[in-house]
Structure formats: C-alpha cells, structure tokens
Amino acid sequence: MTLFPFDPDDTALRCLVEALTESGQAVSIFDSEDNLRYANKTYQGMFLGDYDGPFTFTDITRHAHRNGLGVRIDDGDVEAFIARTLFRRRSVPRKSFETDLVDGRWFWIEHTVLSNGWVLSVGADITALKHNEKSLRQAHDAALTASRTDQLTGLSNRRHILGLLDEKLAANESTGSGLCVAVLDIDHFKAINDAHGHEAGDVVLEHFARACRERVRTQDHLGRTGGEEFLLLLPETRLDDGVRIIDRIRDGFPPALLAHSKLELPCTFSAGVTEALPDDDRSSILRRADRALYAAKAEGRNRTRVGLEGKH
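## Quick notes on the nonpolar core
For step 1, the next point in the chain: In terms of nonpolar packing, the biggest core is built from 32 residues, with Phe208 and Phe230 touching the most fellow members.
For step 2, the next point in the chain: Elements with a contribution of two residues or more to this core: β6 (179-186), α7 (189-196), α8 (198-215), β8 (229-235), α9 (239-250), β9 (256-258) and β11 (269-275).
For step 3, the next point in the chain: Counting residues in each nonpolar core, the second largest holds 20 residues, with Ala39, Ala64, Val71 and Leu101 among its members.

## Concerning the packing of aromatic side chains
For step 1, the next point in the chain: Counted by the stated rule, this structure contains seven aromatic pairs.
For step 2, the next point in the chain: Here the aromatic rings of Phe30 and Phe57 are separated by 6.0 Å at their centres, their planes lie at 80°, and the arrangement is edge-to-face. Pair noted here: Phe30 is in strand β1 (residues 26-30) and Phe57 is in helix α3 (residues 57-66), with a separation of 27 residues, a long-range link.
For step 3, the next point in the chain: When its relative accessible area of 2% is taken as the criterion, Phe30 is described as buried.
For step 4, the next point in the chain: Judged by relative accessible area, which is 11%, Phe57 ranks as buried.
For step 5, the next point in the chain: On the numbers, 5.5 Å between centres and 75° between planes, the contact of Tyr51 with Phe55 is edge-to-face.
For step 6, the next point in the chain: Aromatic rings pair up to connect Phe208, Phe230, Phe253 and Phe269 into one cluster.

## A closer look at the state of the cysteines
For step 1, the next point in the chain: Evaluated as defined, the whole model comprises zero disulfides.
For step 2, the next point in the chain: In this structure Cys180 is a free cysteine whose sulfur lies 16 Å from that of Cys212, the closest cysteine sulfur available.
For step 3, the next point in the chain: Here Cys212 is not disulfide-linked; the sulfur of Cys267 is the nearest cysteine sulfur, at 7.7 Å.
For step 4, the next point in the chain: For Cys212, a relative accessible area of 0% translates into the label buried.

## What to know about the pattern of salt bridges
For step 1, the next point in the chain: Counting across every chain of the model gives 22 salt bridges.
For step 2, the next point in the chain: Across the salt bridge formed by Lys130 and Glu98, the nearest N and O atoms sit 3.0 Å from each other. Here the residue Lys130 occupies a position in helix α5 (residues 127-148), and Glu98 occupies one in strand β3 (residues 94-100), the gap between them amounting to 32 residues.
For step 3, the next point in the chain: With a shortest N-O distance of 2.7 Å, Arg217 and Asp220 are connected by a salt bridge.
For step 4, the next point in the chain: Given a relative accessible area of 22%, Arg217 falls into the partly exposed group.
For step 5, the next point in the chain: On the basis of relative accessible area, Asp220 is assigned to the buried category, the value being 7%.
For step 6, the next point in the chain: Look at the salt bridges and you will find they share partners, linking Glu98, Lys130, Glu133 and Arg137 into a network.

## Section: the environment of Pro254
For step 1, the next point in the chain: Take Pro254: it is sitting in the loop between α9 and β9.
For step 2, the next point in the chain: In this view, Pro254 contacts His207, Ala211, Arg215 and Cys267; residues no more than four positions away in its chain are not counted.

## Section: the side chain of Ser270
For step 1, the next point in the chain: As for its position among the elements, Ser270 is in strand β11.
For step 2, the next point in the chain: At a separation of 2.6 Å, a polar atom in the side chain of Ser270 contacts the side chain of Asp187.
For step 3, the next point in the chain: Residue contacts for Ser270: discarding those within four places in its chain leaves Val183, Leu184, Asp185, Asp187, Arg250, Leu293, Ala296, Lys297, Arg301, Asn302 and Arg303.

## A short note on the sheet that holds strand β2 (residues 36-39)
The pairing of strands in a sheet comes from backbone hydrogen bonds and takes either a parallel or an antiparallel form.
For step 1, the next point in the chain: Across the sheet, which stays open at both edges, the five strands sit in the order β2-β1-β5-β4-β3 with antiparallel pairing between neighbours. The open sheet has two free edges, formed respectively by β2 and β3, since each of these has just one partner strand. When strand polarity is set aside, the average angle formed by the axes of neighbouring strands in this sheet is 20°.
For step 2, the next point in the chain: Across the face of the sheet, helix α2 (residues 41-48) comes into contact with β1, β2 and β4 (106-113) while running at roughly 80° to β1.

How each quantity is defined
Residues numbered from 1 in each chain as written. Predicted model: local features only at pLDDT ≥ 70, side-chain atom pairs only at ≥ 80, totals over all residues. Heavy atoms only, no water. Core = buried A, V, L, I, M, F, W, Y, C linked by side-chain atoms within 4.5 Å. Buried < 20%, exposed > 50% of the residue type's maximum accessible area, 1.4 Å probe, protein only. Helix = DSSP H or I, 4+ residues; strand = E, 2+ residues; numbered from the N terminus. Phe/Tyr/Trp six-rings, centres within 6.5 Å; stacked < 30°, edge-to-face > 60°. Disulfide = S-S within 2.5 Å. Salt bridge = Lys/Arg side-chain N within 4 Å of Asp/Glu carboxyl O. Contact = heavy atoms within 4.5 Å. Polar contact = N/O pair within 3.5 Å; in protein donor to acceptor, adjacent residues only side chain to side chain. Pairing = 2+ DSSP bridges. Axes fitted to C-alpha atoms, helices over the stretch in contact; angles between N-to-C directions.

Set out below in structure tokens:
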C-alpha cells in the first residue's frame, strides 16, 4: 500500500501556490499577529490594489475603505468595523459567512483558525447566485402581490381584504383600541353599465378606487370585494370618527370622466359602517355593516348609515 506523503515537496508546493493563485477564489493567510503572509491574485484585487504596506489586517482594512475596495461597511465607520471584526476573528475555529463588496460582488467566506493561531480565509464568488436569489425573491414578491390585488382597481382583492379584517379583529380584541368596518357601494352602477357599456363601468370602478385611496388615512385598508362593492377597514377608530371619515371621503367626491366622450358621471356611494364589538368575528361584523348599507340604499342612497345591533 502506497502512503500519501505527509509533507509536500517543493514542486508540490509550487503547484499548490499556482493553483491557489489562478483558482478565482480569494485566498489569504494571516499569522497569529494578523500580518498578511500570503494573498493570491483575487484577494489582492479585492483588498490591496497597489498598496505597499504595512500588511496588517487593520492597515489593509483601512486602506481598502479609503480606496473604494474591500467589503461594504454599511455605516461607513471603518474603525467600528475593525473593532467588531477583531473581536470575532478568532472566536471559533471555523466559520462560514457571506459578505458583499464595495464593487457589488458577493463572496462566501470559509474562515479557519489553525492550531498555531494563523487564519486561513477562502472566498468563493457567489454574485451570480445572489442575483438569481434576488430575481427569485422579486418574482415571488410579484406573485404574492398579484395574488392579493384586484387586477382592475389595484386595491386588495376580496381574499386579501377579508384576511386583513380577521387580523384587525384579532388585534382589536387584544388591544381594545377600536376598529370600524364600512361597506361601500357605488350608487346606480348597473345603470352606468347599461347606459354606457362595461368599459365605462370599469372607468368608474378605477376612478372610485383611486379617489377613495387618496382620501383615506395611511393606516386604513380598502379592498374590492366584488362588483361595485368595497370594504374599508379603519383601525384604531371609534364609531363617531368612522362616520366622519366616510363623510370626509364623500364630501366633494369627484365625478368620473369618460375620456372618449368627455362625459362626466356623478360618482356617489352608499355606506354601512359599524364598530367591532367584543368577540366579533368576520361574519358578525360584516352582517351589521351590510344591514346598515341596505338601510342607506333604502333611504335614497348617497348616505351613510350605522349598524348598531348586537353581533347576533
């Protein structure tokens, strides 16, 4: 049986150094006093450039920061970065981490502390992987947004706004800070479709959503639940304030403009609003809001009515 030689000869060492130099990985060795003892071509390009010393870890880090090289330091405080890094540099025998450079590249670093206190670092360029990861994350975010969004109006769709209602009910149950829920319905919407066509109806829906969104508060949530009906969630709001918010939305509500005919269509809405009661669930609070909406329609539309009866 042939034993592998424990100590490489000079030829093997030269081949090893050449391989490290040309590997494309960033390889460095620092001694126990943190003086750089070896750096291959990739590491030199990342941290040194035309630097001529002194070659301690701290001096190299300062040089790289001054000259737009090395790792990206988020707060720009190189001394604080050095202090944090030195504290952790030999805290464990081996660790792996990713880091991003000033030039936009990403590297995966394998950091090994040898028995004599020397430190070997080997970094692999993972920039392409990070870009793919970012693209996948963006695609996931876009798909998630699409799954939550009504395509015509850009508002939350029925599924999402009802999910938000469940969340707000649970939050109100624990905090008692108040929650109002309003169902809004565009008046005479069927007549608009019948008289001017479904394209005109879409224009009215888009206009209504846009105008409402501009008039609600940043903490409020508006979604389209179907047809010409919308659901408005008003967190941390008591009933009197909820009514005032809806009246403010209605006040001077602009007409919808049909661009091809320059026809202005009045855009009024009826609303039923109620405040969350203890132990309310989605069904009970929407039932009260719907009954209040029906009352607003029965009384002539373009008004707000309040649902006050108990949850059952």
